[in-house]
Each structure stands twice: as structure tokens, then as C-alpha cells.
Amino acid sequence: MSGIHLSHFQPPATRRDFLRNAGGGFGAIALAGLMADERQHAAASGISQNRPHFFGLARNVIFLFMDGGPSHLDTFDPKPLVNEHAGKPLPPSIKRAITPMGVNENGLLASRRTWKQYGECGLPVSDWYPLVGECADDLCVIRSCTSDALNHVGGVTQMNTGSILAGRPSLGAWVHYGLGSENRNLPGFVVLLDSDREPPGGNRAWGSGFMPAGHQGTRFLPGTQPILHLNPPAEISDERQRRKLEYINQLNREHLASRQGDRELEARIASYELAFQMQAHAPEAVDLTQETRATQDAYGLNDKRTQAFGQNCLLARRLVERGVRFVELYSGSGSKWDAHSKIEQNHTEHCGATDRPIAALLADLRQRGLLEETLVVWGGEFGRTPMSEKGDGRDHNPYGFTMWLAGGGVKGGQIIGSTDEFGMHATERRVHVHSLHATILAALGVDHTELTYALQGRPERATMNEGEIVNEVFG
């Protein structure tokens, strides 16, 4: 045997060698168990756990929705000619368009804003948003957005679902369907209103449309107790609550066994489980008193004007920090940004209520290393006209308006697109709502053409087979 060479021969392994080499195997077993548990949870909840189609820096989205239509002319898109021609109609060179209140031939309304160039990029921002202006180098301002809606119901619905008509899933539902949630103890899609009034069109703005109900947004209430009935009565123990839930789910599954495909029932079963998990974990997530006094002050929680939206911005940061995939915040819920008259009073109030909280959110995310993986979106359902309505207001303008994005792999400190010299129509690099949605999905690593849901024999897409990624957003 001494003349035979065994090239694969290994000396006997010691116990230490065995443990070291076998550790990878034990780790793989543990990982397999965890992944099986996640798959089981996903199957029970009806929620997918898909991988992105390509690499995207963003893992979460915070959508700051200014309900009612903020004026781009008075915030992020200065138009000096509007003031020069104040009181006169638009010149013949500007195409006339349908407006809800028929203001086509009304005189132009001068903007009273003063403008300052912020950051190294020199981004012009009005005196209604001075603190947001300090974050200019993080902002990618899209000045050429367009939508198809003339009124608020259609506008809010389209900006959230892609269609002016009811019945389609919201963007948050598409994201939840495509990527799932990173936290089984909290909803994957949360909606935060700053009042008890819903936006025009109601909960269709965060609904799941033709998808299972488990993908719809979960609405939290404004104030210090955003989740009602979160804590069970003191006399009911966790064990009793758990047994009760198991019994209810057993009955529901027996009922479902003969009704396969009943998505509403599947979602209801999942909601019971989520509700139980939230009783254990949500109180900590929504407890803003855990934040330092300095943090609370930065968000404006000590100021009555900024308190409501500031609480929601701080809560949004805590939620994405805990893996909530999509958080949508409404400012002026109930169409309160709608300034057909007294725009000075209206926008002074609402810009003042949101400026400090938004700036604090961006700074806080950056400080915690979360901004690169959190896409922040700002805007409303449309903009406002340069023409006057009622002498001191502006009508709806879906033909050219401004949205901005920050974080999530977005190249800040830039302006994309433009409107004409009076701010009425998008001219350069028009960005329809469908393209905006495609770009938001792309930041998450999701290809809007590949994210499909089978409905009655045809593949449905979030962007309704339209739109394109605005690649300039990512530099």
C-alpha cells in the first residue's frame, strides 16, 4: 500500500476541525428553517415574497401627498413672466386648455413669493418652503409632470392608482404585491392622514382593487393613538387571545376549504393573524415618546401648526425603520390644499404645516443612514393655473406641474423637464403619472413591464401598459 498514491487522502479530522467545517451545514439548516417559516407565513397571508427584477437602492417608499393640488408656480417652478403680465390673459402663443372653472381668459395672478437658490446645485425654492430648500442637494425636482384628471376625485385616484377611474390597485398595493413586507408584525403598506377627513374618492386611493384585500393600505388614525383597539382588555391574557384567534382561524379555514379562491376570506384570515402580531409589536412602533426631545422638536411636535404632519413624518420614519414597505402621508386630507380663492392664506397655512416636518424627515433619514434606501416622494394630484380665479386663487392644472423625489438612489440637486414660460403646460421631458409610477418602481428594483397580475386571462400592470422610466432621475 505504501507504493499507492491517494491524492484525495486527508488526515483524520480533529473534533475542532469537524465543528468548524460542519458549522456551515448547521447554519444552512437554520437558514432553511427560517426561510421555510417565511414562506409559510407568506402563503398564509396571501402575500408574495418576490425578489426585485434588478438592483434598486430603495427598499421603502414614503409618499408625501399634498391633498388638493399645491401650486408649482409658488413653490418649486418660478415664472417671472406671470408677474410681468399680471392681470392680462395668457398670450395667444400658449395653448388654451379645459379647466374646471373655465378660467382660460382670466388675467394672470401674480405670485407674491420671493425665491432663493439653495445648495450647491442652486435650486430655486420659494419662501414658502425655506427649510425644504436647505435640503436642495437631495431633491430631484420634476417640473414637467402631467395627469389626465381635471377634478380631485379623478386626480387623487390617478396619482395613486394610475387611472382616473375606480377599481384598480393603488401603487402601494402593487409594491406590496411585488415585494411583500419585511416585517410580519406590522402592515406592509400604511396610510397616515392628518385629519379625520379622507381624500376625495375615499379609500380607493390606498385600495387593492382587483388584487386580494391583503395588499391594501392600513389606515392609521391621526393623533397619539393611531391604531384603535390595539390593546386587549386587561383581564384577557395573551394565551387566551392566542387560543381565540386559533379557533377563529380554524373555523375560517374550514369555511374556506369549500370556497377556494375567496380572496376576501383569505385576507380576513390573514388580518386576524396580523392584528394579533400588532398587539405585541405595534405599540412600540407607534410610541413617539421613545424619541428624544430634540427629535420631537425637530419635527415640530411642540408647535400646533406642525404637530399633526410632524407626528406622521416621525411615525413614517419609525415604520420604514421597522421594515414597512410603503408609507403614504396626506397633508390637508380632504382636499384642503385646493386654493380656488385666497391662495395666500391657504398655502401659507399648509406649506407652513409641512415645511419643518419634511425637512426634519429628510435630515433624520440621512443621519440614520436610511435616506439611500428610502425613496421620498412629494406632490399632489395636479398643480395650479397661472390664471386667476376669483381674483386671488388658482384653478386646477393637470397639464404641467411639479413633483420631487429624494433618497432611494435618486440623484439630488437636479431639475428634470420644464413647463412653458407661464407654467401652464409641460414642454420639455413630459412625465405622465404612469412614468412617475414606473420610476418609483424602478427605484425599488421593480420593472413595471414585468410586474403583472393575472386578471380574467390577461396580465394587468401598475402602469397600464404605458409610461417609461425617467432614467435621468438616477443620474
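Look above for the structure.
Parameters and conventions
Residues numbered from 1 in each chain as written. Predicted model: local features only at pLDDT ≥ 70, side-chain atom pairs only at ≥ 80, totals over all residues. Heavy atoms only, no water. Helix = DSSP H or I, 4+ residues; strand = E, 2+ residues; numbered from the N terminus. Buried < 20%, exposed > 50% of the residue type's maximum accessible area, 1.4 Å probe, protein only. Contact = heavy atoms within 4.5 Å. Areas by Shrake-Rupley, 256 points an atom, 1.4 Å probe, with all protein chains shown as cover. Phe/Tyr/Trp six-rings, centres within 6.5 Å; stacked < 30°, edge-to-face > 60°. Axes fitted to C-alpha atoms, helices over the stretch in contact; angles between N-to-C directions. Parallel < 35°, antiparallel > 145°, perpendicular 65-115°, else oblique. Left-handed = near helix turned anticlockwise from the far one by under 90°. Nonpolar A, V, L, I, M, F, W, Y, C, P; charged D, E, K, R; others polar. Expected span 1.5 Å × (residues − 1). Bend = angle between axes of the 7 residues up to and from the residue. Pairing = 2+ DSSP bridges. Polar contact = N/O pair within 3.5 Å; in protein donor to acceptor, adjacent residues only side chain to side chain. Salt bridge = Lys/Arg side-chain N within 4 Å of Asp/Glu carboxyl O. Core = buried A, V, L, I, M, F, W, Y, C linked by side-chain atoms within 4.5 Å.

Of regular secondary structure, the protein chain possesses 11 helices and 17 strands. In the protein chain, which comprises 475 residues, the share counted as buried stands at 53%. Sequence-distant contacts, at least 24 apart, represent 78% of the contacts inside the protein chain between residues at least 6 apart. As displayed, the protein chain has an accessible area near 21,600 Å², and 51% of this comes from carbon and sulfur atoms.

Next up on the list: the packing of aromatic side chains. Following the criterion strictly, the structure yields 12 aromatic pairs and no others. The interplanar angle of 40° and the centroid separation of 5.9 Å between the aromatic rings of F63 and F65 together place this pair among those described as tilted. The pair F63 / F65 is uniform in exposure class, with both members buried. Among the aromatic side chains, those forming a connected cluster through ring pairs are F63, F65, W206 and Y330.

Further remarks concern the packing of helix α9 (residues 304-321) against helix α10 (residues 343-367). In the contact formed by α9 and α10, the axes pass within 8 Å of each other and the chain directions differ by 25°. Judged by the inter-axis angle, α9 sits roughly parallel to α10. Here the hand of the crossing between α9 and α10 comes out right-handed. Between α9, through R305, T306, F309, G310, C313, L314, R317 and V320, and α10, the contact on the second element is made entirely by G352, A353, T354, R356, P357, I358, L361, D364 and L365. Classifying every residue of the contact of α9 with α10 gives 9 nonpolar, 4 polar and 4 charged.

In a regular helix each residue adds 1.5 Å, so 25 residues correspond to 36 Å; α10 covers 35 Å between its end C-alpha atoms and thus fits that length. The principal kink in α10, of about 30°, is found at D355, preceding the proline P357 by one to four residues. Looking one or two residues beyond α10, the residue adopting positive phi is G369, at roughly 75°.

Counting buried residues along strand β9 (residues 383-389), 7 of its 7 residues qualify, which places the element largely inside the surrounding structure. Pairing geometry for β9 and strand β10 (residues 393-397), over 4 bridges, is antiparallel. Across the sheet, residue G383 finds its bridge partner in β10, namely N397. Where β9 folds back onto β10 in an antiparallel hairpin, the turn is made up of 3 residues, including K390, whose phi is positive at roughly 60°.

Turning to the environment of N397, a few remarks are in order. Note on placement: N397 falls in strand β10. A distance of 2.9 Å separates the side chain of N397 from the backbone nitrogen of Y399, its partner in a polar contact. Among the polar contacts listed, one links the side chain of N397 to the backbone oxygen of M424, at a separation of 3.2 Å.

Right, let's talk about the pattern of salt bridges for a bit. Summed over the entire model, instances satisfying the criterion amount to 26 salt bridges. A salt bridge links R317 to D364; the nearest nitrogen and oxygen atoms lie 2.9 Å apart. Pair noted here: R317 is in helix α9 and D364 is in helix α10, with a separation of 47 residues, a long-range link. Measuring nitrogen to oxygen at the nearest pair gives 3.0 Å for the salt bridge that ties D338 to R384. With D338 in the loop between β7 (326-331) and α10 and R384 in strand β9, this residue pair connects regions lying 46 residues apart in the sequence. For R384, a relative accessible area of 0% puts it in the buried group. Sharing partners across several salt bridges, the network here consists of E284, E291, R317, R318, E321, R322, D364 and R368.

A separate point is the packing of helix α4 (residues 152-161) against helix α11 (residues 433-443). Where α4 contacts α11, the axes come no closer than 8 Å and their chain directions differ by 35°. In contact with Q158, M159, N160 and T161 of α4, α11 contributes V433, L436 and H437. Its residues placed into classes, the contact of α4 with α11 shows 3 nonpolar, 4 polar and no charged.

Before going further, it helps to spend a moment on unusual backbone geometry. The backbone of R429 shows a phi angle near 50°, a positive value even though the residue is not glycine. Looking at the element boundaries, R429 is found in the loop between β14 (426-428) and β15 (431-432). Note on R429: relative accessible area 23%, which makes it partly exposed. Phi at Q456 takes a positive value of approximately 50°, unusual for a residue other than glycine. Counting through the fold element by element, Q456 comes out in the loop between β16 (452-455) and β17 (458-461). Judged by its relative accessible area of 81%, Q456 falls in the exposed class.

Relative to the assigned elements, H215 resides in the loop between β5 (189-193) and β6 (218-220). The class of H215 is buried, set by a relative accessible area of 2%. For H215, the side chain forms a polar contact with the side chain of H176, separated by 3.2 Å.

Next up on the list: the environment of S435. Counting through the fold element by element, S435 comes out in helix α11. With 273 residues separating them in the primary sequence, S435 and G162 have C-alpha atoms 9.7 Å apart. Setting aside residues up to four positions removed in sequence, S435 forms contacts with G467, E468 and V470.

This part is about the nonpolar core. By size, the foremost hydrophobic cluster in this structure holds 50 residues, and its most contacted members are L64, Y129, F220, L329, I358, L362 and W404. What F220 contacts, discounting residues up to four positions off in sequence, is P187, V190, V191, L192, L193, P226, I227, M278, V286, L315 and L319. Among the nonpolar cores identified, the runner-up in size contains 44 residues, and C145, F189, L405 and V433 belong to it.

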